[in-house]
There are 2 protein chains.
Amino acid sequence: MINRENGVACYQQLSQILIEQIEKGIFKPGSQLATEIELSKRYRLNRHTVRQAIERLEDEGLVYKIKGKGTFVASDKINYKVSKRTSFTTSILDVGLNPDARLLDSYEIAAGKELSKRLNIQSSDRVIVLEILRFVNKTPFCHTTSFLSKTKFPELRSLISGSFSLFGLLKKHYGVDALRKSSTFEVSMPESSDMDMLNISPKVPMLAVKSISKDQKGGMVEYCITKFRGDMCSVSVDFNGEGR
Amino acid sequence: MINRENGVACYQQLSQILIEQIEKGIFKPGSQLATEIELSKRYRLNRHTVRQAIERLEDEGLVYKIKGKGTFVASDKINYKVSKRTSFTTSILDVGLNPDARLLDSYEIAAGKELSKRLNIQSSDRVIVLEILRFVNKTPFCHTTSFLSKTKFPELRSLISGSFSLFGLLKKHYGVDALRKSSTFEVSMPESSDMDMLNISPKVPMLAVKSISKDQKGGMVEYCITKFRGDMCSVSVDFNGEGR
DNA sequence: TTTGTATAGATGTATAGACAAGTTGGAGGC
DNA sequence: GCCTCCAACTTGTCTATACATCTATACAAA
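None of the values given here were measured: they were computed from a predicted structure.

Engineer: Can you walk me through the interface of chain B and chain A in this structure?
Structural biologist: Where the parts come together, the accessible area they lose is often given as the size of the interface. Listed per partner, the contact involves 32 residues of chain B and 32 residues of chain A. With both sides pooled, the region where chain B packs onto chain A buries about 2700 Å², and carbon together with sulfur makes up 57% of that total. At the surface where chain B touches chain A, the tally comes to four salt bridges. Residues Lys77(A) and Glu186(B) are paired through a salt bridge, measuring 3.2 Å at the closest nitrogen-oxygen approach.

Written as structure tokens, this is what we have:
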């Protein structure tokens, strides 16, 4: 199976073989791959060479490993839609899946240099920080950190408990109708907190989306950073639609 | 420097040390890191362990390696702006850099199942494919593959040579005013063609953007896939602005 | 029934050595 | 002066071995 004369590295050949097997659907999502030792025997390669090959598949998000258990085939990507008005819940329901969310933490900090610029406030002003973990079919999917001015929304923290319709809350209690103004997309690798919360390995690249929302008068409402598992989703932007 | 009793893997400790040194700016972009053997001597680690550590930095796009030469610190990310009307050239000029482009190839294919759906044409219809490589400061930056209906733009291929203002061309010759309607963002790993064209290693994740543009009557104009180097840029979306 | 222990098997980490292949610069020949 | 070629140095690949750590299971002990 492995050609040792054609100049192509053994681990790359094995990567290719495994990728083809997965893409042909020989293994279903969630099913276990052959163990490293099995593969090393079958293809007459050293276990480390096999590990190099599987590392590539991990990089591409095709498989994931669990220490002590084995290597498993990953699932397909979920398409997540974003527009001026986006709700996580409806966006996930639209694609026939089961959304859920948990408020991990809410606290206050001083704005500081960076945030004061983003939120257009003084750097000594207080900022409310909300950390929300969202799930799709019980699996951690993305992690959002929201920043809002405490001056504008003084009682927000006590209001939010239980409810995650942040924009609904802002409208109801403050009469603020927030609209997404811009989003910045970036590839980033997970920090250790991301790895814990989303239960991923350091090798899974993340899609980081930084968004700015304003009210209808153009006043800053929210600056938020959402980190998606790059292996689990793509994110679509609609330049016209109102979304919902 | 390396603590061998605290349960943290040596290669992770070394990764952390190197990341901090880079982020503090001890090494400037483009400068060479210590060689693997130097690091292994300095920190009393095996060369393979050092390689594991550097692999992490490579994953995060902090460094890049050149076989036979060494390991080098990568540059900061460029912010690339996208809106309804986006021109690569002006977007790059806006951030004070020097844009350039090259038409790699132009050819025709039958639409087939996938493309016919995207472009809203028959699967037997002909499709014009344009492959464009774009540069920033002489460095390959992104690779765009555009798909347009040949029925709508029959002579496009002969018109395009030399000029890369595709939308300008469409307006001038066909009276079509194209607007971006939606974009889908996704993390993907480079294929071998990407690695060749953008001159990157298989470890650099890419930001893939699939965009749909329509004319003002809502007719499909273009479906295109742009792959950015994830280590070189972030992409911003403006939900309102006309851009330019 | 519950708890603890032992074991096998899986991935994770670290070390050692060897050779391949690309890059560079200098010695030596012209 | 110019060129070729070789040696030294770099990263890339492969093998071999050892032990750590986590999971699952089986079985004994409380």
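Engineer: For this particular structure, what's the right way to read the relation of the copies chain B and chain A?
Structural biologist: Between chain B and chain A, the superposition needs a rotation of 180° and an axial shift of 0.0 Å, giving an RMSD of 0.1 Å. The relationship between the two copies is best expressed as a two-fold rotation axis. Taking the C-alpha atom as reference, chain B places Phe239(B) closest to the rotation axis, 2.8 Å from it.

Engineer: I'm lost on the environment of Phe27(B) in this one. Help?
Structural biologist: Inspection of the secondary structure assignment puts Phe27(B) in the loop between α1 (10-23) and α2 (36-42). Placed 46 residues apart in sequence, Phe27(B) and Val73(B) show a C-alpha to C-alpha distance of 7.0 Å.

Engineer: I keep staring at the packing of α1(B) against helix α3 (residues 47-59) of chain B and nothing clicks. Help me out?
Structural biologist: Any two packed helices are characterised by how steeply their axes cross, that is the angle between the axes, and by the distance between the axes. Residue and element names in this part refer to chain B. Between α1 and α3, whose axes approach to 8 Å, the crossing angle comes to 50°. Between α1 and α3, the crossing angle belongs to the class labelled oblique. Remark: the crossing between α1 and α3 carries right-handed chirality. Residues Cys10, Tyr11, Gln12, Leu14, Ser15, Leu18, Ile19 and Ile22 of α1 touch α3, and the partners they reach there are Thr49, Val50, Gln52, Ala53, Ile54, Arg56 and Leu57. Within the contact of α1 with α3, the residues separate by chemical class into 10 nonpolar, four polar and one charged.

How each quantity is defined
- Residues numbered from 1 in each chain as written.
- Chains lettered and ligands numbered in written order.
- Predicted model: local features only at pLDDT ≥ 70, side-chain atom pairs only at ≥ 80, totals over all residues.
- Heavy atoms only, no water.
- Contact = heavy atoms within 4.5 Å.
- Buried area = accessible area lost by both parts, 1.4 Å probe.
- Salt bridge = Lys/Arg side-chain N within 4 Å of Asp/Glu carboxyl O.
- Least-squares fit on C-alpha atoms with pLDDT ≥ 70 in both.
- Helix = DSSP H or I, 4+ residues; strand = E, 2+ residues; numbered from the N terminus.
- Axes fitted to C-alpha atoms, helices over the stretch in contact; angles between N-to-C directions.
- Parallel < 35°, antiparallel > 145°, perpendicular 65-115°, else oblique.
- Left-handed = near helix turned anticlockwise from the far one by under 90°.
- Nonpolar A, V, L, I, M, F, W, Y, C, P; charged D, E, K, R; others polar.

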